[in-house]
Amino acid sequence: MVEPCRIALVGCGKAKLRHSAPARDLYTGNLFRAHLAEAEAMTPHVYVLSALHGLLPLDEKVAPYDVTLRGMLDEKRAAWGRQVVDALVRLYPAGAVELIVYAGRAYAEPIQDALAAVPHEGWTLVEPLKGATQGARLRILAEASRMRVAARAPLRLPALEVEQPSGRRLYLFAVDGKQVPSFATVSRVRRTEGVLEGYQRPEVLAHVTAIREYMESAGALVPNAVVLAFDSRVRFEALPGEGEGARHGHLVIPRATAPDAPDAPGFIVDGQQRLAAVRDAAVRAFPLACTGFVAETVGQQAEQFILVNSTKPLPKGLIHELLPSTTAALPAALERKRLPAQILARLNLDEGSSLRGLVITQTCPRSTGKTGGKHFSAVIKDTSLLSALEDSLADGTLYDLERTGAGVDAMVSRVSAWWAAVASTWPDAWARQPKESRLSHGAGVRALSLLMDAACHFLAQEGNATPIQGDFERELALVRDACAWMSGTWAFPSGTRRWNELQNTPKEVALLAQHLGAIYRERRAAKPQRRTRKAGAV
């Protein structure tokens, strides 16, 4: 939604100079001066409401006069209000407008009546000080002025100065992330007439949202420091005494004239997504650790930006292995993977699991050696099994277990029994490298996992809510002869495919899953109705 144009209207005053002057200077009363200061702080669009002239630009030269709206006939006041609105419409013919009136009722009412008589879409009128006496207005405006002055005062932040061998100095400090836009901005990368300027990429909204949601959660912790580059207006005032390797003191940072204004003394080198998240977060404050340095040129800033962002990111596989050990709230994307990562870790590590040691992770690499002429290395990629578990937790047998309150033990047992049945159904294709057997390939893993969900659904309908390996073996026997894991061809409805042409893509996974599912349902429907097992029977 487009923000309305804010226009401030300041009522004229009785006290005036005795000679012609620009409208901003002609009126000398304390209330007019206070109203004008507040209006100019709110918006660059400011006009004087003159009882004689109607709408006056601040720089228009006006002679003194002695006319007031209070003693004016109702018809004339109404005409004055229409005159003001007509002048504003000519100046701002399109878009939404918010009129902010700093004047008494005698000035505000005719304008409000004129707007009501001839409505203008998107136009509104507000009176911030409506109903306040002159004394109350002066007190309120004086406090607002004091707060603006305080907001423009330089920040003095406790800091450490660290001098490095090059002679360059770093400043380590903490600041509320919501205050950073008052002194630091983003140098956006762009080209102006073919010349590259800036270095920061645009905000990644999904990333910002994930960080914001995490910051709003209980126990949120953001240990990574924001990196800021400053110009020479920022100075360090050391405290008395010598420190070993660092000096204590205060970092004095001037404020910008407005948030993210071009005159900001600081630039964000690293951490713009975190700062954007703090800016939008529904929290009163969120202190962040910061590292600052003085860099007079954009080139020096870009150099640090490249060095900070060119490091190798943390491998996703390692993140997945670490997730089960976490307990605090995490960004939504990681939160969704915590339970499947926990199940995967149990399947790969538990004694008695049919998948023990078979999943490739950062701590269980692809090749660990040979014994007795046979590989005992991992063969199934963790990402493939993790995706399969996520699918089942979203809308499969693991979802049913979670919904009924079953714990991780029951989920691990269910999946382990299924893959034990897979191993016994196709023993020659089991535990081989994906290039030798599509049973270990991402397409095979995900398609068979979806078949597990279908089998559990049919077994549950027959009263078997806790299937074991033998039950799964009977289900898999229905599709055993239709699979070409290591040789031959797949007889898909769309045509035949060599066994090793299947790839781990969404389209190929769906093709294989739909093929096996169709055969399974067709053959199952052709068999006589099975005897219902007693619930809980083993």
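Now for a description of the structure that goes with this document. Computed from a predicted structure; not experimentally measured. (Residues numbered from 1 in each chain as written. Predicted model: local features only at pLDDT ≥ 70, side-chain atom pairs only at ≥ 80, totals over all residues. Heavy atoms only, no water.)

**Quick notes on the pairing of strand E9 (residues 169–176)**
- Note that strand E8 (residues 155–163) and E9 share five bridges and pair antiparallel. Bridging from a neighbouring strand, valine 162 pairs with leucine 170 of E9.
- Two successive antiparallel strands, E8 and E9, enclose a turn made up of five residues, where glycine 167 displays a positive phi of approximately 95 degrees.
- Pairing between E9 and strand E17 (residues 287–294): seven bridges, direction antiparallel. Paired with valine 175 across the strands is leucine 288, a residue of E17. (Pairing = 2+ DSSP bridges. Helix = DSSP H or I, 4+ residues; strand = E, 2+ residues; numbered from the N terminus.)

**Focus on the side chain of threonine 43**
- Here threonine 43 is to be found in the loop between helix H2 (30–42) and strand E3 (46–50).
- A distance of 3.1 Å separates a polar atom in the side chain of threonine 43 from the backbone nitrogen of histidine 45. (Polar contact = N/O pair within 3.5 Å; in protein donor to acceptor, adjacent residues only side chain to side chain.)

**Some thoughts on the environment of arginine 6**
- As for its position among the elements, arginine 6 is in strand E1 (residues 5–11).
- The class for arginine 6 is partly exposed, based on a relative accessible area of 33%.
- Considered as a pair, arginine 6 and tryptophan 123 are 117 residues apart in the sequence and their alpha carbons are 10.0 Å apart.
- Once residues lying within four places of it in the same chain are set aside, the contact partners of arginine 6 are Met42, Thr43, His45, Glu98 and Ile100. (Buried < 20%, exposed > 50% of the residue type's maximum accessible area, 1.4 Å probe, protein only. Contact = heavy atoms within 4.5 Å.)

**Some words on the side chain of histidine 441**
- With respect to the element layout, histidine 441 can be found in the loop between helix H13 (408–425) and helix H14 (442–461).
- Look at histidine 441 and you get buried, because its relative accessible area is 10%.
- Reaching out from histidine 441, the side chain makes a polar contact with the backbone nitrogen of alanine 443 at a distance of 3.1 Å.
- With near-sequence residues (within four places) excluded, histidine 441 lies in contact with Pro434, Leu502, Gln503 and Asn504.

**Some details on helix H6 (residues 205–215)**
- Within the sequence span of H6, burial applies to Val208, Ala210, Ile211, Tyr214 and Met215. Along H6, the residues classed as buried sweep out an arc of 160 degrees about the axis, all on the same side. In this structure, H6 carries Leu205 and Ala206 as exposed residues pointing more than 90 degrees from its buried face.
- Against helix H7 (272–280) lie the buried residues of H6. (Arc of directions from axis to C-beta.)

**Thoughts on the sheet that holds strand E6 (residues 97–102)**
- Taken together, the five strands give an open sheet; going across it, the order is E4-E3-E1-E6-E7, and neighbouring strands pair in mixed fashion. This sheet does not close on itself; its edge strands, each paired only once, are strand E4 (54–57) and strand E7 (123–126). On average, each strand axis in the sheet is inclined to that of its neighbour by 30 degrees, with strand direction left out of account.
- In the sheet, E1 pairs with E6 via six bridges, with the strands oriented parallel. Following the sheet pairing, isoleucine 7 is matched in E6 by leucine 99.
- Here helix H3 (residues 74–91) sits on the sheet and contacts E1, E3, E4, E6 and E7; the angle it forms with E4, its principal contact strand, is near 40 degrees.
- Of the strands in this sheet, E1, E3, E6 and E7 are in contact with helix H4 (residues 105–117), which crosses E7 at around 160 degrees. (Axes fitted to C-alpha atoms, helices over the stretch in contact; angles between N-to-C directions.)

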